[in-house]
Amino acid sequence: MFHEVVRAGSVRAASDLLGVSASSITRQIQQLEHQIGATLLDRSSTGVAPTHAGKLVAQFAQSVVLEYDTLRADVNERRGLKGHIRVAAVESTMGKVIDAIAALREKFFDVTFSLSMLPAGRVFEAVKTSEVDVGVTFCAAPDPDLTVLARYVEPVVLAVSPNHDWAFKESVALHELSRVALGIPETTFGVRSILDEEARKCGLKLMPSLVTNSFDALRAFARSGAVSVLPRMSFDSERRANILKTVVIDSTALNETTADVITLRERRPSRLLKLFYSELERMF
């Protein structure tokens, strides 16, 4: 319970998640503090935060939970029971993730999945807090708690229709984006953060015609005759069908962005999860 309280940030939130009364959780935490001989939580009107001792206990509790999950998955597999894998991924990688899921289900038809589409930062957070078993994110920053299982170059490019004036250009300079009707992702997207930083370095203020949280909308905007900034993988099918063309942006940072498969370093994966890691690596 202590682990859930730390994750949720309050006793009340943990109570709702666990279906256990707040008073019962409070009593158990008080007993734990008495047994350890230290205050584990700083309490305030807005919630709780772990003390230094509380962080150590929370880390230990998380390692126990992870080991239990792995043990249960391995035992269930030996008993012939289906496994369940939790995945979070950024929108541009969804097609590849679905392909990996389909490939594993061809071998283990009864395995089930939960798949969440999240912004890059939330994928990172979901993996760190063990909300999911594995994440596929965009340009994962180094973190001692995480392992990057695989990293693939996934450049940020321009999507244009075959009839656009830029359709046969190999590349354009960043400052040229001010001359066209431009669609870009909103600020919660990793793509946008890198684009904004590159524009700032060039002293360029982007004036987009469309800002959205939907890659579908950006693809449609490009098909309508505009220019959209997207990860190349996010419009693979349109490129293959010649519905949209790719134009490279003259920027090292935008050409070297990556799609990263990440997991919690201390997680010991079950056999089934290892097989899914392999399918993800193969698909990318």
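Bear in mind the structure is a predicted one, so any value in this text is a computation, not a measurement.

(A) Region of interest: the packing of helix 5 (residues 94-107) against helix 11 (residues 271-283). The interhelical angle for the contact between helix 5 and helix 11, taken along N-to-C directions, is 130 degrees, at an axis separation of 9 Å. The angle between the axes of helix 5 and helix 11 places the two elements in the oblique class. Seen along the crossing, helix 5 lies across helix 11 with a hand that is right-handed. Within the contact between the two elements, helix 5 uses Lys96, Val97, Asp99, Ala100, Ile101, Ala103, Leu104 and Lys107 and helix 11 uses Leu272, Leu275, Phe276, Glu279, Leu280, Arg282 and Met283. For the contact of helix 5 with helix 11, the per-class residue count stands at 10 nonpolar, no polar and five charged.

(B) Highlighting the packing of aromatic side chains. Per the stated rule, a full pass over the model turns up three aromatic pairs. Between the aromatic rings of Tyr152 and Phe284, the centroid separation amounts to 5.4 Å while the plane-to-plane angle is 20 degrees, which identifies the pairing as stacked. One end of the pair, Tyr152, is in strand 6 (residues 146-153); the other, Phe284, is in the segment after helix 11, with 132 residues separating them in the sequence. Taking the relative accessible area as the measure of exposure, Tyr152 reaches 18% and is therefore buried.

(C) Layout of the sheet that holds strand 4 (residues 112-117). With respect to topology, five strands assemble into an open sheet ordered 4-3-5-13-6, the strand pairing being mixed. At either margin of the open sheet sits one strand with a lone partner, and together these are strand 4 and strand 6. Going from strand to strand, the sheet's axes swing by 20 degrees on average, the running direction of each strand aside. Both strand 6 and strand 13 (residues 258-264) contribute to a ladder of seven bridges, which runs antiparallel. Following the sheet pairing, Val148 is matched in strand 13 by Ile262. Across the sheet, helix 5 touches strand 3 (84-89), strand 4 and strand 5 (134-138), and the angle it forms with strand 4 is around 175 degrees.

The rules behind each value
- Residues numbered from 1 in each chain as written.
- Predicted model: local features only at pLDDT ≥ 70, side-chain atom pairs only at ≥ 80, totals over all residues.
- Heavy atoms only, no water.
- Axes fitted to C-alpha atoms, helices over the stretch in contact; angles between N-to-C directions.
- Helix = DSSP H or I, 4+ residues; strand = E, 2+ residues; numbered from the N terminus.
- Parallel < 35°, antiparallel > 145°, perpendicular 65-115°, else oblique.
- Left-handed = near helix turned anticlockwise from the far one by under 90°.
- Contact = heavy atoms within 4.5 Å.
- Nonpolar A, V, L, I, M, F, W, Y, C, P; charged D, E, K, R; others polar.
- Phe/Tyr/Trp six-rings, centres within 6.5 Å; stacked < 30°, edge-to-face > 60°.
- Buried < 20%, exposed > 50% of the residue type's maximum accessible area, 1.4 Å probe, protein only.
- Pairing = 2+ DSSP bridges.

Purely geometric numbers; function is a separate question.
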